[in-house]
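Coordinate analysis (summary)
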Amino acid sequence: MHPPAVQSAIRKIFRRVVPLFFVMFVANYMDRVNLGFAQDELRADVGLSAAAFGLGAGIFFIAYAIFEVPSNMLMERFGAKVWLTRIMITWGIVATAMAFVNSVETFYALRFLLGVAEAGFFPAVIYYFSRWLPDSHRGRATSIFLMGSGTATVIVGPISGALLEMHGVWGHSGWQWMFFIEGIFSVVLGFVVYRFLDSGIESATWLTEEEKRELVATIDAEQDARPTADTRVSRWKLLADPQMLLFLWIYFAINVALYAVTFWLPSIVDDIGGLSSFQVGLLTSVPWLCAIAAVFVSGRLSDRIGKRRPILMALLVLGGCGTLLAVFVSPWAGLGALCLAAMGFKPASPIFWTIPQSYLDARAAAPGIALINSIGNLGGFVAPTAFGLIEDATGSTKGGLVGLTVVGFLAALSVLFVRGGGRNDRIRSRPAKAPAAAPAPKATPGAARTAGHGPATA
């Protein structure tokens, strides 16, 4: 149980900071995946094959992976407030520019630039939580934050469907209106973020001095309970660690499954036949409504029992079963099966992130989180690209759904080999060379920290 001042500070953070990140992720995810709803009109107007569309959808993640770690390092230099604002405004501008795609080349270029603009957003937020919240509340905060992506997938369907029906207004296609209006929203939100976000606990005027002092002391105490080291961590050392390789594979698999469902769900729903763009958008929101509930329940459950791995395994198996079932049933029943898939794969992401945070040493947290996210997000490139190739070759997405089943089951099996962040198992940062008589550097208040206290939290 935390002191009263810490509890009061946590309540304020959950009222002010966590909802702000939630709304930011709604906008982020909407601009990332609204492409799926414009698929038919965009392909017809620009002349894209299914494979070209899938490649363009996925090329975003190549740029995201390349620029993820540099972006996260710049965030540490400039501060969360400035850097997250920059990310939001630039991605909003690029998302708006998608309205002017007129060739395959500009489609690829803008999707790549969108990945460059968004790179660093997710690990910056996860790292931000690690500097503001005690371990006991971070899993819940991460789950609420990631519910933003679920909320986006719920609302982006009806909104995008309605905007697509603006076809012909002032001589522009519906997909152009969709990209333009949803992109402008992100630009405006970027200025709101700059007004309300604080870079650190010490600069939060909405916390009392006692709340700041006690919260920093609590975070520092959790950091002191874990092995610490000076300054740097080798990224080659991160890649050489077997547990990190497991983290990379599992998160990659989660993203393969999640983005395949996200980008191709509108097309799968459209196979039902006889539906308008708005009706397709409404129906695609159903699986994500189920996923939001699953994210919330699984997040609270994992925080309460402290057993992350069994929950993660169960979610991955559920997702795999849902995609497998969707192959063998009618389109309407397939929508129900994809509800199960969404309820498995969507909550798997926030539950997963509590495990590497408990494994990584504090000084390895920022590069470790960025590395996992950047390489794991390549699953977002593989999924739509593979689905596009499969649809061009077979005329159906069923082969892709079978592949997702295999990926989900293999990822669940891999979780058996993941261990928690035991004292002797952590990835430690490399000590800086210093004279023997030099005193150990004093910990900075609010220094970066990681979640968990050992195997019990994994």
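To start, this report covers the structure provided alongside it.

Basis of the calculations
- Residues numbered from 1 in each chain as written.
- Predicted model: local features only at pLDDT ≥ 70, side-chain atom pairs only at ≥ 80, totals over all residues.
- Heavy atoms only, no water.
- Helix = DSSP H or I, 4+ residues; strand = E, 2+ residues; numbered from the N terminus.
- Expected span 1.5 Å × (residues − 1).
- Buried < 20%, exposed > 50% of the residue type's maximum accessible area, 1.4 Å probe, protein only.
- Salt bridge = Lys/Arg side-chain N within 4 Å of Asp/Glu carboxyl O.
- Contact = heavy atoms within 4.5 Å.
- 1 Å grid on protein atoms, 1.4 Å probe; cavity = no way out; pocket = protein on both sides within 12 Å on 5 of 7 lines; lining within 4 Å.
- Points joined across faces, edges and corners; volume = space filled by probe spheres on them.
- Nonpolar A, V, L, I, M, F, W, Y, C, P; charged D, E, K, R; others polar.

1. Examining helix α16 (residues 379-394)
Relative to the 22 Å expected for 16 residues at 1.5 Å per residue, α16 spans 22 Å between its end C-alpha atoms, a close match to the ideal helical length. Those residues of α16 not exposed but buried are Gly379, Gly380, Ala383, Pro384, Thr385, Phe387, Gly388 and Glu391.

2. Points about the pattern of salt bridges
The full count for this structure, using the stated rule, is three salt bridges. For Lys12, the salt bridge identified is with Glu211, shortest N-O distance 3.0 Å. Linking Lys12 in helix α1 (residues 4-33) with Glu211 in helix α9 (residues 209-224), this pair joins segments that are 199 residues apart in sequence. Under the relative-accessibility criterion, Glu211 is labelled buried at 5%. Put simply, Glu209 and Lys212 hold a salt bridge, and the shortest N to O gap is 3.5 Å. Separated by three residues within a single helix, Glu209 and Lys212 lie in helix α9, roughly one turn from each other.

3. Remarks on the environment of Ala52
Looking at the element boundaries, Ala52 is found in helix α3 (residues 50-78). In this structure Ala52 comes out as buried when scored by relative accessible area, which is 13%. Taking the C-alpha atoms as reference points, Ala52 and Phe107, separated by 55 residues in sequence, lie 9.5 Å from one another. In this structure, Ala52 is in contact with Phe107 and Tyr108, ignoring residues within four places of it in sequence.

4. Observations concerning empty space enclosed by the protein
In total, this model carries three cavities of 30 Å³ or more according to the counting rule given. For the largest cavity, the calculated volume is near 160 Å³. Secondary-structure elements contributing two or more residues to the lining of the largest cavity are α1, α7 (135-164), α11 (242-270) and α14 (331-359). Tallying contributions element by element places α11 first for the lining of the largest cavity, with four residues. Residue composition of the lining of the largest cavity, grouped by class: nine nonpolar, five polar and two charged. Looking at the second largest cavity, its volume works out to about 50 Å³. Around the second largest cavity, the lining residues are Val33, Phe37, Thr153, Val156, Thr262, Leu265, Pro266, Thr284 and Trp288. Elements that contribute at least two residues to the lining of the second largest cavity include exactly α7, α11 and α12 (277-305). Considering each element in turn, the lining of the second largest cavity owes the most residues, three residues, to α11. Each residue belonging to the lining of the second largest cavity can be placed in one class, and the counts come to six nonpolar, three polar and no charged.

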